[in-house]
Amino acid sequence: MRTSEGAGVAPRPGRTLPLLTLAAVPPVLEAAVLAALSFYSASGLAPQATAVWPYDSYHDLRWLLVYHNSWSMFLLGLLAVTAVRGLLSAWMTGLAWPAHTPRPSYRWLIRRNIEVAALATVIISPWAALAVAYSAVALSWYLLASLLPMLVLAPFLARGGVVSRWWRGLPSAALFGWSLLNFLVLTAAGAIMSAVPLWWGVPIAAAAGAANGLLWRSTVAAAAFQAPVRLRRVPVAPLAIVVTMAGSVFAEAGVGIAAGGPGDWRAPVLTEHLEERIPYAVIAIAGHNSSYDGRPAVDPRVERFSYRGLDERERPLPYQPQDTHQSVGSSAALLSQHIDSLQRRTGRPVALLGESEGAMVARMYLERWPESPVDAVIMFSPLTRPGRVYYPPAGYDGWGVVAGWELRLVAALSNLTKEVDSDPDEPFVRSVLADAPFYRNRTLCPVAGVRMIAFLPTVSAVEAPPGEYSRIPTVEVPGLHAFPLDQALVQETVMAFLANEPVDRPRREYRLFQHLGAAWQAPPLAIGLNPIWSANREADPAFSGRICEAQ
């Protein structure tokens with residue numbers, strides 16, 4: 001019996017219940033462990049424990065790249081998850097095999113699925129490392145870029161554990177369809193689990209696991225019963241793998257462009273006169289890889305912050321993109337000098353307007369200089385709960401050491417195509433990692449005596465792990481990181497805020513997008529595990545789901 005797409009083909013008699021049970025048990029166990037630990041931020045990952053290739057390997061690698069603290073621990077963990085993943089997938093493939101079709105021996109299935117598990121680890125690892133980078137700097141572009149190869153490679157790897165010559169020809173349309181459905185199921189299951197109390201997630205994980213079992217059955221049938229393969233003589237799978245591996249390099253380069261890239265940032269307050277009703281002098285702080293040519297703002301009450309500081313006449317110096325790579329603390333110290341200078345010159349209270357990295361500099365300034373002339377802060381596209389993972393400096397062991405070396409390799413290759421080099425160990429990134437407990441817990445928290453507001457682009461919702469993300473007023477606008485689509489709304493709201501009018505415009509869909517991203521984030525590293533963070537006084541929102549709390 002043969003069909004063109006494998007749809008509607010039943011598994012061997014008596015094997016559906018064992019298949020669904022086997023598919024449900026690992027997600028249930030993971031969900032129960034996370035609930036017992038109150039590990040709120042990682043709850044959306046559990047359904048992927050028995051997902052069809054490559055989502056299962058993506059699940060394993062994200063856990064492993066975050067939770068290892070030496071090369072030996074990583075290598076032993078890698079061998080263990082590869083072997084377990086290969087055995088589990090072989091067992092599920094055997095149970096899902098359609099009736100009336102000769103099935104390979106379990107010895108062949110075990111060998112082939114361990115091979116596919118090892119191959120998937122190599123292919124998916126750079127993308128999982130990008131997901132770790134995303135959790136370090138909370139930039140949604142990294143997360144979105146890491147998901148594309150999952151969708152591309154899924155139909156190819158799904159054939160790998162089923163047929164012998166899986167690398168030749170195109171997968172069927174059914175395989176593409178089932179792989180996409182698997183992605184959607186995992187996204188929905190992760191969203192639901194992140195939105196309900198932790199122990200309620202256990203039965204949801206069971207249902208998601210059973211859905212994985214049904215998807216295994218349909219995927220195996222589609223692979224085993226595929227009609228004459230298109231391009232059967234062409235090694236399409238290796239070509240797709242090479243393209244996606246190269247894509248991890250170009251994706252890292254593209255993230256820099258998408259996040260703003262090198263350029264002279266011209267905020268509206270720099271190009272227009274402030275209204276007379278606004279009582280503040282304003283400092284505008286651009287983001288990472290920005291530059292400044294020294295041109296003054298139109299209004300004398302407004303100045304551009306320089307990452308090089310002030311000249312002898314207390315004017316902001318021109319700077320280049322590389323100057324923004326210094327630590328947040330160093331930038332905050334230069335900002336302190338600039339604030340004092342502007343306040344002396346104008347005699348007015350100061351308002352800060354920071355974009356992306358600039359918002360982090362403003363927030364660190366408020367933390368280190370609680371008594372200051374600053375009365376208002378506007379944060380554009382602030383990094384949302386960054387510092388959720390860690391990797392040590394080159395030459396040191398510590399949590400995430402292998403992830404750090406993967407990111408260095410990807411960055412070194414991507415720098416061949418970039419105007420401004422990126423470095424996972426640049427002082428800006430290292431300062432975020434060193435002060436991670438503060439950033440993940442306090443970035444969007446109120447500061448006594450300071451009016452604060454955050455402009456959050458819609459896409460940044462997937463940056464925020466499940467739980468609370470802000471306790472200051474927010475304006476959530478459609479757009480990408482540092483690229484709001486409704487500039488008129490932003491300008492109007494900024495002027496209203498600077499005129500001391502109340503502003504708070506949250507959007508209901510923001511929470512929905514936050515939950516939809518929960519399945520695809522890397523699990524946060526527990527603050528208490530990392531000795532680098534041992535002296536901090538912050539509670540861990542990964543376990544409480546709440547921010548702005550001390551231990």
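Reading the values: the criteria
- Residues numbered from 1 in each chain as written.
- Predicted model: local features only at pLDDT ≥ 70, side-chain atom pairs only at ≥ 80, totals over all residues.
- Heavy atoms only, no water.
- Disulfide = S-S within 2.5 Å.
- Helix = DSSP H or I, 4+ residues; strand = E, 2+ residues; numbered from the N terminus.
- Buried < 20%, exposed > 50% of the residue type's maximum accessible area, 1.4 Å probe, protein only.
- Core = buried A, V, L, I, M, F, W, Y, C linked by side-chain atoms within 4.5 Å.
- Pairing = 2+ DSSP bridges.
- Axes fitted to C-alpha atoms, helices over the stretch in contact; angles between N-to-C directions.
- Contact = heavy atoms within 4.5 Å.
- 1 Å grid on protein atoms, 1.4 Å probe; cavity = no way out; pocket = protein on both sides within 12 Å on 5 of 7 lines; lining within 4 Å.
- Points joined across faces, edges and corners; volume = space filled by probe spheres on them.
- Nonpolar A, V, L, I, M, F, W, Y, C, P; charged D, E, K, R; others polar.
- Expected span 1.5 Å × (residues − 1).

A. A look at the state of the cysteines. All chains considered together, the criterion is met by 1 disulfide. With a sulfur-sulfur separation of 1.9 Å, cysteine 445 is cross-linked through a disulfide to cysteine 548. Judged by the sign of its S-S torsion, about -100 degrees, the bond between cysteine 445 and cysteine 548 is left-handed. Highlighted residues: cysteine 445 in the loop between α14 (436-442) and β7 (451-457) and cysteine 548 in the segment after α17 (541-544), separated in sequence by 103 residues. Comparing cysteine 445 with cysteine 548 shows no difference in burial state: the two are buried.

B. Fine view of the nonpolar core. Core analysis: the largest hydrophobic core is formed by 128 residues, its most contacted members being Ile283, Leu335, Leu352 and Val377. Top element by residues in this core is helix α4 (residues 106-137). It accounts for 16 residues. Counting residues in hydrophobic clusters, the runner-up holds 27 residues, among them Leu274, Ile278, Phe380 and Ile453.

C. Here's a closer look at the pairing of strand β2 (residues 281-285). Among the 5 residues that make up β2, 5 are buried, leaving the element largely enclosed by the rest of the structure. Looking at chain direction, β2 and strand β5 (residues 350-355) are connected through 5 bridges and run parallel. In the sheet register, alanine 281 faces β5, and the bridge partner there is valine 350. Where β2 meets strand β4 (residues 302-304), 3 bridges bridge the pair, whose relative direction is parallel. Paired with alanine 284 across the two strands is arginine 304, which belongs to β4.

D. Spatial organisation of the sheet that holds β2. One open sheet accounts for 6 strands, arranged β4-β2-β5-β6-β7-β8; its pairing is parallel. Pairing within the sheet leaves two strands with one partner each, and these edge strands are β4 and β8 (474-477). On average, each strand axis in the sheet is tilted by 15 degrees relative to the strand beside it, whichever way the strands run. The strands touched by helix α10 (residues 328-346) within the sheet are β2, β4, β5 and β6 (374-380), with β2 carrying the most contacts at an inclination of about 155 degrees.

E. Seen up close, the layout of surface pockets. Volume-wise, the second largest pocket comes out at about 350 Å³. If you go around the second largest pocket, you meet 15 residues; those closest to its centre are Glu30, Ala49, His59, Asp60 and Trp63. Of all elements in the fold, only α1 (16-37), α2 (55-66) and α3 (71-96) reach the threshold of two or more residues within the lining of the second largest pocket. Here the residues of the lining of the second largest pocket are counted per class, giving 11 nonpolar, 1 polar and 3 charged.

F. Looking closely at helix α12 (residues 401-414). Between the first and last C-alpha of α12 there are 20 Å, a value that for 14 residues agrees with the 20 Å anticipated at 1.5 Å per step. Buried residues dominate α12, accounting for 10 of its 14 residues. Looking only at α12, the buried set comprises Val401, Val402, Ala403, Gly404, Glu406, Leu407, Arg408, Val410, Ala411 and Ser414.

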